[in-house]
Amino acid sequence: MVGQPPLTGLKVLEFAGLAPGPFAGLLLADAGASVLRIDRALTHGQNRGATGSPDLLTRYKSSLAVDLKSPSGIALIHALIPTVDILIDPFRPCVLEKLNLGPSVLLSINPRLIYARMTGFRRSGSKYATMAGHDINYLSVSGVLSLLGRKDEKPTPPINILGDFAGGGAMLVQGILMALISRQTTGKGQVVEANMVDGASYLATYPRFALKTPVGDQPRGENLLDSGCPYYDTYETSDKRYVAVGALEPQFFADLMRGLGLAGQGWEETKRYDRRKWPELRRLFEETFKTKTRAEWEKVFDGTDACCTPVLEYPEMERDKSKTEGDQRPAVTLRETPLFGVSKSTGEDVSHGQGSGVDGEGYEGVPLGFGEGGQEKLKEWLGWTEGVDYTTQERGGAVILPKEKSKL
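What you are looking at is a predicted structure, and each value in this text was computed from that prediction instead of being measured.

Novice: Tell me about the sheet that holds strand β7 (residues 232-236), and name the residues and values.
Specialist: Taken in spatial order, the three strands line up as β7-β8-β9 in an open sheet, and their pairing is antiparallel. In the strand order of this sheet, the two ends are held by β7 and β9 (308-310), each with one partner. Direction aside, the axes of adjacent strands within the sheet are offset by 25° on average. Sheet analysis places β7 next to strand β8 (residues 242-246), joined by five bridges and oriented antiparallel. Residue pairing for β8: Tyr235 is matched across the bridge by Val243.

Right, here's the structure in full:
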């Protein structure tokens, strides 16, 4: 019988933000941590039914709106800290310090606290440290963006996957987990700092090295893995869909050529290694792939080692449940302590961390309502009751009650 998710029992205080901070909280929540998002109290003109944040990375989380402009609201956060294992700070440098919620203050309250900070640019030692930015800016100054794009075209940002999520939130969680392991030995928490410039740059370790090898020493879009090589690229089919080809090794390339009906023309032996002949091979692939639909090419290559697969799109995977890769699972499988499920469509496959899943099935984010589940979390974490230990003000912000009116 499988056990509980691996982070069960850990309490996480996540200050509301966008993209990397919430994604870090999502990874922790999917792994069983109890995550409470701190939303700011409503401003004048907003209604109580409003969503606390445009954030959609809300699986398994709760919300508590706190008036961070009130000393009583700050006092409520201070009262929470002794029970908290991990705090996620998504703000620019010094924002929480100005609220008396910086690491020196909170670690003095709870020395076991892991204070995790996420910024875009480096927090110190960078001329960009105090500047605003987005994923595209962090990739640009890290050098990573210069690698992305086709020949003779401008650098192309990969949506915000590489900075916000891979180099940001996922890297922050890696730091958090290392700090948790360290805490088992030292008994102490610590500050964990991640930024998207360093995170993205670290992810690009191999491409940086490859710039000085034959794999990547040509201009952007002319190398083996950046769309320069014809047998590592995408091709349009007759129904204006696409297939992806990654037939790098000789045996895989041979399977590809057989499937395309192009075997025996000398490409398998030496011609494919001659970069001067790559344009000719590319034209041959383009013409050939346009002779069949994507589905017809799937029938040709499914079950082979040709490294030729369909470029599936999320809307079609959502409609067609036979395309099982659309069933989003947790990023890793822990057989004995699986993570919480994402999709509902596969039933109770707990060995893959599927469980009963959540609304949206991995295709649609469900906003976390303003203050949704916050009362329950305060009851669970501290045994608090509204009206006795804290109260909710007119604009929805929770504040702690004076000690003479509180159990504290």
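Novice: Let's hear about the nonpolar core: which residues, and what values?
Specialist: Across soluble globular proteins, nonpolar side chains have a tendency to be buried as a group. Judged by nonpolar contacts, the single largest core of 27 residues is most densely connected at Leu13, Phe15, Leu76, Ile77 and Leu87. Elements supplying a minimum of two residues to this core: β1 (11-15), β2 (34-40), β3 (61-66), α2 (71-80), α4 (103-109), α13 (374-382) and β11 (398-400). In contact with Leu87, other than residues within four places in its own chain, are Leu13, Phe15, Ile81, Leu96, Leu106, Leu113, Ile114, Tyr115 and Ala116. Listed in part, the 26 residues of the second largest apolar core include Val35, Ile86, Met118 and Leu339.

Novice: Could you give an account of the pattern of salt bridges, naming the residues involved and the relevant values?
Specialist: Across all of its chains, the model carries 22 salt bridges by this definition. Note that Arg150 and Asp233 form a salt bridge whose closest N and O atoms lie 2.7 Å from each other. With Arg150 in the loop between α5 (135-142) and α6 (161-186) and Asp233 in strand β7, the pair connects residues that are 83 residues apart, well separated along the chain. The buried category is assigned to Asp233, whose relative accessible area is 8%. One salt bridge connects Glu316 with Lys323, and the closest N-O pair in it is separated by 4.0 Å.

Novice: Hey, could you go over a nonpolar patch on the surface for me, with residue numbers and the actual values?
Specialist: Judged by side-chain polarity, Tyr206, Leu225 and Tyr232 come together as a nonpolar surface patch covering roughly 290 Å² of accessible area. Of note, Tyr206 is situated in helix α8 (residues 205-210).

Novice: Kindly report on the pairing of β1, identifying the contributing residues and their values.
Specialist: Most of β1 is tucked away: four of the five residues are buried. Inspection of the sheet shows β1 paired to β2 by five bridges, in the parallel sense. Note on β2: the bridge partner recorded for Glu14 is Arg37. This β-α-β element, β1 to helix α1 (residues 20-30) to β2, shows right-handed connectivity. Here β1 runs beside strand β4 (residues 86-89); their pairing, made up of three bridges, is parallel.

Novice: Give me the packing of aromatic side chains: which residues, what numbers.
Specialist: On inspection of all chains with the given rule, the structure shows 14 aromatic pairs. Their ring planes at 25° and their centres at 5.3 Å tell us that Phe121 and Tyr128 sit as a pair that is stacked. Among the residues examined, Phe121 registers a relative accessible area of 6% and is labelled buried. Arranged with centres 5.7 Å apart and planes meeting at 85°, the rings of Tyr235 and Phe285 form a pair that is edge-to-face.

Novice: Got a sec to walk through helix α7 (residues 196-203)? Specific residues and values, please.
Specialist: For α7, every residue scored as buried is listed here: Met196, Val197, Gly199, Ala200 and Ser201. Check the buried side of α7 and you find it contacts α1, β5 (114-119), α5, α6, β6 (190-195) and α8. For α7, the side-chain oxygen to backbone nitrogen distance between the N-cap and Val197 is 3.1 Å, and the N-cap itself is Asn195.

Novice: Tell me about unusual backbone geometry, and please be specific about residues and values.
Specialist: For Ile159, which is not glycine, the phi torsion reads 50° and is therefore positive. Judged by its relative accessible area of 68%, Ile159 falls in the exposed class. In this structure, Lys240 takes a positive phi of about 60° despite not being glycine. Its location among the elements puts Lys240 in the loop between β7 and β8. When its relative accessible area of 64% is taken as the criterion, Lys240 is described as exposed.

Novice: How would you summarise the environment of Gly246 if you had to cite specific residues and measurements?
Specialist: Counting through the fold element by element, Gly246 comes out in strand β8. Between the C-alpha atoms of Gly246 and Leu7, which are 239 residues apart in sequence, the distance is 37 Å. Once residues lying within four places of it in the same chain are set aside, the contact partners of Gly246 are Tyr231, Tyr232 and Cys307.

Novice: Account for the side chain of Asp89, naming residues and giving values.
Specialist: Examined against the element boundaries, Asp89 turns out to sit in strand β4. Relative accessible area serves as the criterion here: at 0%, Asp89 is assigned to the buried category. Within the structure, the side chain of Asp89 is placed 2.9 Å from the backbone nitrogen of Phe91, a separation counted as a polar contact. Reaching out from Asp89, the side chain makes a polar contact with the side chain of Arg117 at a distance of 2.9 Å. Setting aside residues no more than four positions away along its own chain, Asp89 makes contact with Leu96, Tyr115, Ala116, Arg117, Met118 and Arg123.

Novice: Quick one: what's the story with the packing of α5 against α7, residue by residue and with numbers?
Specialist: Here α5 crosses α7 at 60°, and the two axes come no closer than 8 Å. Between α5 and α7, the angle falls in the class oblique. Along this stretch, α5 crosses α7, giving a crossing that reads as right-handed. Mapping the contact onto sequence places Tyr138, Leu139, Val141 and Ser142 in α5 and Met196, Val197, Ala200 and Ser201 in α7. Looking at the contact of α5 with α7, its residues break down into six nonpolar, two polar and no charged.

Novice: Could you give me a rundown of the side chain of Arg117, with the residues and numbers involved?
Specialist: Its location among the elements puts Arg117 in strand β5. Those residues within four positions of Arg117 in sequence are excluded, and the remaining contacts are Asp89, Glu97, Pro103, Arg123, Leu172, Val191, Val192, Glu193 and Ala194.

Rules used in this analysis
Residues numbered from 1 in each chain as written. Predicted model: local features only at pLDDT ≥ 70, side-chain atom pairs only at ≥ 80, totals over all residues. Heavy atoms only, no water. Pairing = 2+ DSSP bridges. Helix = DSSP H or I, 4+ residues; strand = E, 2+ residues; numbered from the N terminus. Axes fitted to C-alpha atoms, helices over the stretch in contact; angles between N-to-C directions. Core = buried A, V, L, I, M, F, W, Y, C linked by side-chain atoms within 4.5 Å. Buried < 20%, exposed > 50% of the residue type's maximum accessible area, 1.4 Å probe, protein only. Contact = heavy atoms within 4.5 Å. Salt bridge = Lys/Arg side-chain N within 4 Å of Asp/Glu carboxyl O. Patch = residues over 30% accessible without salt bridge, like charges linked within 9 Å, V, L, I, M, F, W, Y side chains within 5 Å. Areas by Shrake-Rupley, 256 points an atom, 1.4 Å probe, with all protein chains shown as cover. Right-handed = clockwise from strand over helix to strand, strands pointing away. Phe/Tyr/Trp six-rings, centres within 6.5 Å; stacked < 30°, edge-to-face > 60°. Polar contact = N/O pair within 3.5 Å; in protein donor to acceptor, adjacent residues only side chain to side chain. Parallel < 35°, antiparallel > 145°, perpendicular 65-115°, else oblique. Left-handed = near helix turned anticlockwise from the far one by under 90°. Nonpolar A, V, L, I, M, F, W, Y, C, P; charged D, E, K, R; others polar.

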